[in-house]
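Fold and geometry: a report
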Amino acid sequence: MPSPARNSGLPADFRTRNSPAAASGASHGSAAAARAPGDGPGGGGAGSTAGSAAGGATGSAAEGATGAAAPTSALKRATLLTLCACVLVAQSMVAAINLLIPQLGSSSLHLTHSDILWTVDAYVIAFAGLLIPAGALGDRHGRKGALLAGLALFAAGAATSALATGPALLIAGRGLSGAGAALITPATLSILVHLTTPEHRARALASWTLAIGLGGLAGNLGGGLIGQYLSWRALFAVMVPLAAVLAAAVALAVPRTARAARGNPDPLGTVLLTAGLVAVLFGIIEGPAYGWGSARIVAAFAAGALLVALFARHALRSPAPLFDPRVFARPRLRAATLGTATGFFGLFALFYVNSQYLQGVKGYGAALTGVAIVPLTVGMALVPKLAARWSDRPRPVIGGGLALIGLGLLGASTADAGTPYALYACWLLVISAGTGLSMPALTVGVVTSLPPHQAGLGSGLGTSARELGAALGVAVTGTVLSAHRGAHALSDGMAPALRIVALLVLAATAAVVAGYGRDGGRERRTGRRTGPGAGPDVGRDGGRDAGRGAA
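For clarity, every value in this text was computed on a predicted model and none was experimentally measured. (Residues numbered from 1 in each chain as written. Predicted model: local features only at pLDDT ≥ 70, side-chain atom pairs only at ≥ 80, totals over all residues. Heavy atoms only, no water.)

A look at the overall build of the chain
Along its length, the chain carries 18 helices and two strands. Buried residues in the chain amount to 60% of all 551 residues. Accessible surface computed for the chain: about 18,100 Å², of which carbon and sulfur atoms make up 67%. (Helix = DSSP H or I, 4+ residues; strand = E, 2+ residues; numbered from the N terminus. Buried < 20%, exposed > 50% of the residue type's maximum accessible area, 1.4 Å probe, protein only. Areas by Shrake-Rupley, 256 points an atom, 1.4 Å probe, with all protein chains shown as cover.)

Following this line, the structure appears as structure tokens:
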């Protein structure tokens, strides 16, 4: 985040965006951006989860329709670290760009306000909009290949941005990197699902979600240091050799997994769903700036709803759809998706005001602000080790974790200029603990509600929920803040904004807990398993395909 001094040269009405990064849990995502009055928000992410998988050998087999070795009970540490490093780097670019907005505004590229906003948003929109088809693409054509292709696109986009001579190239490079991240994120999670048995899966996914949170932290720290001491081009330039190193590590340390039995890429379904998600994201991101009732925003939401409806109609009639919408008939999948979106809704509402509060109200510089958010990673790193012991009881774990996020936001809403940082950090720790408690279980709930051969699709669904939730959190908070103007707009608007978000989180938590209860009740009545490892017997992607395409 820029310091107040470095931002003083920007126009008074300059608005910046915060984008998902964390925790996913968070991504974003995560990842989505929104306009923020005044100083640039420090979107950062804090992930959820920790835990390391036990060392040992993991099966390696040729990637093909005939299948690979069955998941093993131990995952090689080198494989786990490589996959987590890939998602960490992809997630770091969501947050880091926000801290470079003042430099971009005064650069030789002569960027307009709109150019800067699209520089931030291009990555997020491409990332979130392509996640579901990218996950399905990896399932059908090879997850390791999708991961390597994603790293190549990520590096190509970073190089384009680093060498940009004008706004168009800079924005195009950001979009290309976002497309690469959309391939990287679901591929890494899908590979982990295939290389672990259910009893070890929670710990492996905990490490993956922690990597998302550390990516947000790295983005904040790295972006703050570069914004204060180096050129903005350095952020993009360093990503090129880093992606090359990660690609070499993937080639050496990551085995191939079985492809899904179906090979039809469903181009029409992919176009319809991607365009629909992009339209919805555009409406969420631009809503606070143009007004929620403006013709542009209403048209974006209407177009998004129409395109998603057309996708559902197409998918229900297609012999080999991108995915069958009837998978959402499962209460647990619906609840886990809502819970993931809810957690990141709360987190990114905090991220939106966090850096503005620390810089504009507390007077911290950019680098110090990046350090001041470290408490957000403590609970995410430590709590999942305890939560993994209760992985067979997801309902209280998820409910308790989401409730802590809501309560922590209520506590943070009491902060003002006179609040000691130590007290504010305590509320950050509460939110962090809630994220670390709930997000690993929610991630498991999403990816294991689909059959193993659709693990990439499940990852895409979960990450899309994170990014949409993050975008909504930023948009709602930005809308409340925009109603407060003047020198004390942030300090006056922060409290009601965080209280509104906290109450929405707590209300959604009740719905998530109820959804898990309904699914559990059905399992007890029917004797069928609905937890980790169970695939939905719904539509064309039911038990027959699960058995045929599982790794």
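Still more ground to cover, so stick around.
Section: the packing of helix α7 (residues 198–229) against helix α15 (residues 421–447)
The interhelical angle for the contact between α7 and α15, taken along N-to-C directions, is 115°, at an axis separation of 9 Å. By the angle between their directions, the pair α7 and α15 is classed as roughly perpendicular. Handedness of the crossing formed by α7 with α15: right-handed. On the side of α7, the interface is formed by A202, L205, A206, W208 and T209, while α15 contributes P440, T443, V444 and V447. Here the residues of the contact of α7 with α15 sort into seven nonpolar, two polar and no charged. (Axes fitted to C-alpha atoms, helices over the stretch in contact; angles between N-to-C directions. Parallel < 35°, antiparallel > 145°, perpendicular 65-115°, else oblique. Left-handed = near helix turned anticlockwise from the far one by under 90°. Contact = heavy atoms within 4.5 Å. Nonpolar A, V, L, I, M, F, W, Y, C, P; charged D, E, K, R; others polar.)

Describing the nonpolar core
Core analysis: the biggest nonpolar cluster contains 61 residues, and I132, F323, L350, L409 and Y424 have the highest contact counts within it. The biggest single contributor to this core is helix α11 (residues 331–361), with 14 residues. A146, I191, W232 and V447 belong to the second largest nonpolar core, which has 56 residues in total. (Core = buried A, V, L, I, M, F, W, Y, C linked by side-chain atoms within 4.5 Å.)

A few points about the packing of aromatic side chains
Remark: the centre distance and the inter-plane angle together describe each pair of aromatic rings, the angle taken between the planes. Enumeration according to the criterion identifies six aromatic pairs in this entry. Each ring, one from W292 and one from F301, has its centre 6.3 Å from the other, and the planes form 15°; the classification is stacked. Their ring planes at 45° and their centres at 4.8 Å tell us that Y357 and Y424 sit as a pair that is tilted. One end of the pair, Y357, is in helix α11; the other, Y424, is in helix α15, and 67 residues separate them in sequence. Each member of the pair Y357 and Y424 is classed as buried. An aromatic cluster of three or more residues is present, and its members are F344, F348 and F351. Seen from the ring of F344, R466 lies directly overhead, with NZ or CZ sitting 6.0 Å from the centre. (Phe/Tyr/Trp six-rings, centres within 6.5 Å; stacked < 30°, edge-to-face > 60°. Lys NZ or Arg CZ within 6 Å of the ring centre and 35° of its normal.)

Side note on helix α5 (residues 143–162)
Here α5 spans 28 Å end to end across 20 residues, near enough to the 28 Å set by a 1.5 Å rise per residue. The elements touched by buried residues of α5 are α2 (77–96), α4 (113–141), α6 (167–195) and α8 (233–253). (Expected span 1.5 Å × (residues − 1).)

Considering the side chain of T443
Relative to the assigned elements, T443 resides in helix α15. The exposure class assigned to T443 is buried, which follows from its relative accessible area of 7%. Among residues more than four places away in sequence, those in contact with T443 are L189, L205, W208, T209 and R466.

Observations concerning unusual backbone geometry
Despite not being glycine, H110 has its phi angle at roughly 55°, a positive value. In this structure, H110 sits in the loop between α3 (101–105) and α4. Note on H110: relative accessible area 66%, which makes it exposed.

Things to note about the side chain of T342
You can see T342 is positioned in helix α11. Judged by relative accessible area, T342 falls into the buried class, the value being 6%. The residues contacting T342, other than those within four sequence positions of it, are V505 and A508.

What about the packing of α2 against α8?
How two helices pack is summed up by the angle between their axes together with the distance between the axes. One can describe the packing of α2 onto α8 by two numbers: an axis separation of 9 Å at closest approach and a directional angle of 160°. The angle between α2 and α8 places the two elements in the roughly antiparallel class. Remark: the crossing between α2 and α8 carries left-handed chirality. Across the interface between the two elements, A78, T79, T82, A85, C86, V89, S92, M93 and A96 of α2 pack against L235, F236, M239, L242, L246, A249, V250 and A253 of α8. Per-class residue counts for the contact of α2 with α8 are 14 nonpolar, three polar and no charged.

A short note on a nonpolar patch on the surface
A contiguous nonpolar patch, built from L225, Y229 and L230 and spanning about 350 Å² of accessible area, is present on the exposed surface. Structurally, L230 can be placed in the loop between α7 and α8. (Patch = residues over 30% accessible without salt bridge, like charges linked within 9 Å, V, L, I, M, F, W, Y side chains within 5 Å. Salt bridge = Lys/Arg side-chain N within 4 Å of Asp/Glu carboxyl O.)

Focus: the environment of Q228
Mapped onto the fold, Q228 is located in helix α7. Between the C-alpha atom of Q228 and that of L100, which follows or precedes it by 128 residues, the distance is 8.8 Å.

A short note on the confidence of the model for the chain
Summarising the model, the chain shows a mean pLDDT of 74, and 75% of its residues fall at 70 or more. Within the model, the stretch residues 1–74 combines pLDDT values under 50 with 342 contacts to residues more than four positions away or in other chains. Every residue in residues 520–551 is under pLDDT 50, and counting partners more than four places away or in other chains gives 81 contacts. (pLDDT = per-residue confidence, 0-100.)

Thoughts on helix α14 (residues 394–412)
Along its 19 residues, α14 runs 27 Å from first to last C-alpha, staying within 8% of the 27 Å computed at 1.5 Å per residue. Among the residues of α14, P394, V397, I398, G399, G401, L402, I405, G406, G408, L409, G411 and A412 are the ones counted as buried.

Some words on the environment of L306
Mapped onto the fold, L306 is located in helix α10 (residues 295–317). Each C-alpha atom of the pair L306 and L272 lies 9.4 Å from the other, and the pair is 34 residues apart in sequence.

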